[in-house]
Amino acid sequence: RVESGVRFLGASHGLLPEEWLERYASLKDLGRVQGDRLRFAPSQAVILEALLAAEPALDVDETFDRVRRKLGDFRGIGPVEAPAGFVGTLRGYQKDGLGWIQFLADFHFGGCLADDMGLGKTIQVLARIEERRTRPATPEEPRLPSLVVVPRSLVHNWIMEAARFPPRLRVLDYPGLDRAGLLERFAEHDLVVTTYGTVRRDILKLREMFFDYAILDEAQAIKNAGSLAAKASRLLRARH
């Protein structure tokens, strides 16, 4: 209840000024309540930083503090060259796209690579996965396969492009019917190519796995948030 401009939260919690609640009520809607704390996704760090910038003293965890320092040091997105194991030459705008993907990874954001058809989105993503392949594994970041989910008509295209541009990538075709036993082989590969239909059917198994990247090609396939494909895709777990 509200009393004299103060909202009473209960004897064990104390009092908060009505002005504070009005200012920060949006935090409750942004965050996810977990016990006595509000938790936020990395992609919300920019909003949080803007909302809390005027606070003289804040108690934040190490993850948010690291993101906040990155935001303070951020000077823009620049082009990134293809990794050494990539066969071929990226055009200027493709290097810019690779820089965009690097930016998303640095800040642990999700994002969309939305070039027009035929401008080489697949090649840019493959260049990024090749760069990830060459990184040394660490205890904090062990080597994991990436998963790309595509319409069935594009499975062959992804496999052919991977063989052409980053030929050292170990690619697994995780198809619709002949896939018995392939789940156990994911860790032997750098990239797993599958379909929206297969993800929908196998999500109870796939949700237990963890990937480096989860990539949705032709993502209009999940534009209906209530569809089974969209619900299954949201259960995939990945670093990026």
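These numbers were taken from a predicted model, which means no experiment stands behind them.

Some remarks on the nonpolar core
Ranked by size, the top nonpolar core spans 21 residues in total, and within it V148, W158 and V193 carry the most contacts. The set of elements that each furnish at least two residues to this core consists of α4 (92-106), α5 (121-133), β6 (146-150), α6 (155-164) and β8 (191-195). Tallying contributions element by element places α5 first for this core, with five residues. Excluding residues within four positions of it along the chain, V193 makes contact with V148, V150, V155, W158, I159, V171, L172, D173 and Y174. Counting 15 residues, the second largest nonpolar core, distinct from the first, contains L172, L182, L183 and F186.

Focus: the confidence of the model for the protein chain
Averaged over all residues, the pLDDT of the protein chain equals 84, while 81% of them reach at least 70. Ranking the elements of the protein chain by mean pLDDT puts strand β1 (residues 2-3) last with 34 and β6 first with 98. With pLDDT under 50 throughout, residues 1-14 is counted as low confidence; its partners more than four residues away or in other chains account for 17 contacts.

Details of the side chain of D212
When you line up the elements, D212 lands in the loop between α7 (196-206) and β9 (214-216). Within the structure, the side chain of D212 is placed 3.2 Å from the side chain of R239, a separation counted as a polar contact. Residues in contact with D212, not counting those within four places in the same chain, are R132, L144, P145, S146, A238, R239 and H240.

Brief notes about the pattern of salt bridges
Under the counting rule described, the total for this entry stands at ten salt bridges. E141 is paired through a salt bridge with R132; the nearest N and O atoms lie 3.2 Å apart. Residue R132 is classed as buried on the basis of its relative accessible area, which comes to 9%. Between R239 and D212 there is a salt bridge, with its nearest N and O atoms 3.2 Å apart. Here R239, found in the segment after α8 (228-234), pairs with D212, found in the loop between α7 and β9; they are 27 residues apart in sequence, far enough to count as distant. For the pair R239 and D212, one class covers both residues: buried.

Details of the environment of R239
On the accessibility criterion, R239 (18% relative accessible area) is buried. Sequence spacing of R239 and F210 is 29 residues, and the spatial spacing of their C-alpha atoms is 7.8 Å. Leave out the neighbours within four places in its chain, and R239 touches H108, R132, E141, P142, L144, F210, F211 and D212.

Section: unusual backbone geometry
Even without a glycine there, the phi angle at H108 is positive, about 55 degrees. On the secondary structure map, H108 appears in the loop between α4 and α5. Among the residues examined, H108 registers a relative accessible area of 43% and is labelled partly exposed. Of note in this structure, E218 is not a glycine but carries a positive phi near 50 degrees. Assignment of secondary structure puts E218 in the loop between β9 and α8. Classification of E218 by relative accessible area gives partly exposed; the value is 32%.

Analysis parameters
- Residues numbered from 1 in each chain as written.
- Predicted model: local features only at pLDDT ≥ 70, side-chain atom pairs only at ≥ 80, totals over all residues.
- Heavy atoms only, no water.
- Core = buried A, V, L, I, M, F, W, Y, C linked by side-chain atoms within 4.5 Å.
- Buried < 20%, exposed > 50% of the residue type's maximum accessible area, 1.4 Å probe, protein only.
- Helix = DSSP H or I, 4+ residues; strand = E, 2+ residues; numbered from the N terminus.
- Contact = heavy atoms within 4.5 Å.
- pLDDT = per-residue confidence, 0-100.
- Polar contact = N/O pair within 3.5 Å; in protein donor to acceptor, adjacent residues only side chain to side chain.
- Salt bridge = Lys/Arg side-chain N within 4 Å of Asp/Glu carboxyl O.

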